[in-house]
Amino acid sequence: MSTIQNLCGMKAADFQKEIDGKKTDLFILKNAKGFEVAITNYGGALVAIMVPDKDGNVANVIQGHDNIDEVITSPEPYLSTLIGRYGNRICKGKFTLDGKEYNLAINNGPNALHGGPTGFHKRVWDAKPLGENKLQLNYVAADMEEGFPGQFAIEVVYTWTDDCELVIDYKGTTDKKTIVNMTHHGYFSIAGIANPTPTIEDLICEINADYYVPIDDTSIPLGSIDPVDGTPFDFRKPKPVGKDIDADDVQTKNGAGYDHCFVLNKKEPGELSFAAKITEPKSGRTMEVYTTEPGVQVYTDNWATGYPGQHGATFPRRSAICFEAQHFPDSPNRPYFPSVVLNPGEVYTQKTVYKFGITD
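It should be emphasised that the depicted structure is a prediction, and the values quoted were computed from it without experimental measurement. (Residues numbered from 1 in each chain as written. Predicted model: local features only at pLDDT ≥ 70, side-chain atom pairs only at ≥ 80, totals over all residues. Heavy atoms only, no water.)

This paragraph deals with the packing of aromatic side chains. For the coordinates displayed, the defined rule picks out 19 aromatic pairs. Between the aromatic rings of F188 and F356, the centroid separation amounts to 6.2 Å while the plane-to-plane angle is 55°, which identifies the pairing as tilted. Here F188 is found in the loop between β17 (183-184) and β18 (204-207), whereas its partner F356 is found in strand β30 (residues 348-358), with 168 residues between them in sequence. Looking at F356, the relative accessible area reads 6%, which means it is buried. Seen in terms of ring centroids, F274 and Y290 are 5.8 Å apart; in terms of plane orientation they differ by 65°. Their pairing is edge-to-face. Linking F274 in strand β23 (residues 273-279) with Y290 in strand β24 (residues 285-291), this pair joins segments that are 16 residues apart in sequence. Classification of F274 by relative accessible area gives partly exposed; the value is 22%. (Phe/Tyr/Trp six-rings, centres within 6.5 Å; stacked < 30°, edge-to-face > 60°. Helix = DSSP H or I, 4+ residues; strand = E, 2+ residues; numbered from the N terminus. Buried < 20%, exposed > 50% of the residue type's maximum accessible area, 1.4 Å probe, protein only.)

Moving on, we get to the environment of I321. You can see I321 is positioned in the loop between β27 (314-315) and β28 (322-326). Taking C-alpha positions, I321 is 17 Å from K282, a pair spaced 39 residues apart along the chain. Dropping the residues within four chain positions of it, I321 is found in contact with G186, Y187, F188, I200, L203, V241, I278, V298, Y299 and T300. (Contact = heavy atoms within 4.5 Å.)

Here is the structure:
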């Protein structure tokens, strides 16, 4: 008999390490049905989401690692982690606030990506369990950390509900005018991770967006917000992810597949509303996404190489799909995009829900 008393087969001891005087650990959230979410406070990385298929078979539906050293050295540094201070790309790593130019690390072609090489995904967060199904993470980013102005104090709460909803609530404040665009970079494989993990091209996907943000060949917005109608980006009616992923289209070529921000249909800014749904035909598993954010970056794992993950799983190209709820890329340099500026005295908030289910 194994001594591991959880569905995910993870051991806290494998996640315990001291980094710069702070301790990493593993936290397992359980709901009333016994299903689990496992999180480490290193980068807020999700390492397990254990949910059933239509036949009751429980599998892990998120890509990650099963020990802290592999989380730290992952070939995919953003693998299912929290992203901040600024998710997505900033053109040439430059932006201006109140007439002052700020320069960020260039870590993605000619641009800045995901808060920089030592962004929130590489930090040890203070962790506080709040009962069986809730975990609070806190981090204080120093003024000018990774080039961003202002001391930014951020709290992220993960809640795992009895309806198998993973709710992520963000709340942050700054002491100086700054920019904030946080997200979670979950790499979802709702067929279940395996060796090899199956392609996501067979998933049936619906995205509640009439418009999307086209990009150049360095993944920076061209400046327009274009209709999805008549393009590979039209997911308003459910269709397989793979149907148009390699279409003869400059946009799918620029993204090497999908790596684009969809402009979500909203009745009013900041409302928690339906963003997307995926259905895995064989297992019957579904995942719905709801968010308060104006956009969702959909990324189809176009650069994975088949590297190893939890419990002998491997992650080939296009074996995961990401729904990164956020503001639009390069917003600090696009005054006509929704603002990402946070002033002292204001509170940054965001809520995103990933709801797991089984198709009828």
